[in-house]
Amino acid sequence: MSTTSPKHLIIAAACALLVLSQSGCGSLALIDVARTPQPSARSGEIVRSTADAEGNDDPVIAVSNDDAGINDASIRARDSFDEFAAALARPTQAQASFMVKARFAADPGSDVDGEQWWIEDVSIEGDAIVGRVANDPTYIARLNFGDTVSLSRDDVSDWYYVDNGLLVGGHTLRVFRARMTAEARAKFDAESGFVIND
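Residues numbered from 1 in each chain as written. Predicted model: local features only at pLDDT ≥ 70, side-chain atom pairs only at ≥ 80, totals over all residues. Heavy atoms only, no water.

Enquirer: Just to check I follow, could you spell out the packing of helix α4 (residues 171-178) against helix α5 (residues 182-191) for this structure?
Expert: Geometry of a packed helix pair, given as the angle between the helix axes and the separation of the axes. Where α4 meets α5, the closest approach of the two axes is 9 Å, and the angle between their N-to-C directions is 140°. As the angle between them shows, α4 and α5 are arranged oblique. Here α4 contributes L173, R177 and A178 to the contact with α5, which in turn contributes R185, F188 and D189. Residues that form the contact of α4 with α5 fall into these classes: 3 nonpolar, no polar and 3 charged. (Axes fitted to C-alpha atoms, helices over the stretch in contact; angles between N-to-C directions. Helix = DSSP H or I, 4+ residues; strand = E, 2+ residues; numbered from the N terminus. Parallel < 35°, antiparallel > 145°, perpendicular 65-115°, else oblique. Contact = heavy atoms within 4.5 Å. Nonpolar A, V, L, I, M, F, W, Y, C, P; charged D, E, K, R; others polar.)

Enquirer: Just to check I follow, could you spell out the packing of helix α2 (residues 68-79) against α4 for this structure?
Expert: Remark: α2 packs on α4, axes separated minimally by 8 Å, with the N-to-C direction vectors making an angle of 150°. By the angle class used here, α2 and α4 are roughly antiparallel. Here α2 and α4 pass one another in a crossing that is right-handed. Together, G69, I70, A73, S74, R76 and A77 of α2 and H171, T172, V175 and F176 of α4 make up the contact between the two elements. Broken down by class, the residue content of the contact of α2 with α4 amounts to 5 nonpolar, 4 polar and 1 charged. (Left-handed = near helix turned anticlockwise from the far one by under 90°.)

This is the structure we're talking about:
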């Protein structure tokens with residue numbers, strides 16, 4: 001994982017851009033960074049969600065590099081990754097939707113340092129975390145939706161899975177949800193497909 005410079009990077013979180021868009025996550029249609037009421041891609045990080053079942057583009061949002069809540073959540077995710085790995089190694093019938101969020105360096109000359117996306121179809125092979133990119137990259141031409149990637153634990157910024165309908169992990173997702181308006185949070189909860197215990 002590369003060191004973050006003073007520029008900003010791009011962060012992915014399922015439905016997390018609802019924080020700034022104050023809309024629901026049902027269709028997960030693209031939310032243009034230029035139209036978000038908070039920082040632009042030049043002054044913040046971008047948050048992405050996984051694409052929906054119809055293959056619609058995923059939402060995007062800007063977040064600051066020095067966002068203490070997101071940074072702390074990412075540290076908690078890395079510190080608790082063994083919990084994810086253990087569940088992934090022996091999932092119960094009630095466990096599903098194993099996802100990892102990771103950072104990737106942006107192309108040279110980009111307005112941002114990197115992007116973070118959710119990775120699906122996750123497996124752990126030795127020290128490597130392997131999976132498929134579950135987002136359409138914006139600032140990284142070398143990767144596309146569905147490409148297979150190999151990560152280290154240091155690249156992990158979040159993880160989650162659903163256990164009997166309850167979200168386990170999702171550290172950054174919980175931060176974004178807590179920042180939503182009551183109306184946006186209610187819509188998110190109704191459409192997310194899982195329950196978040198606070």
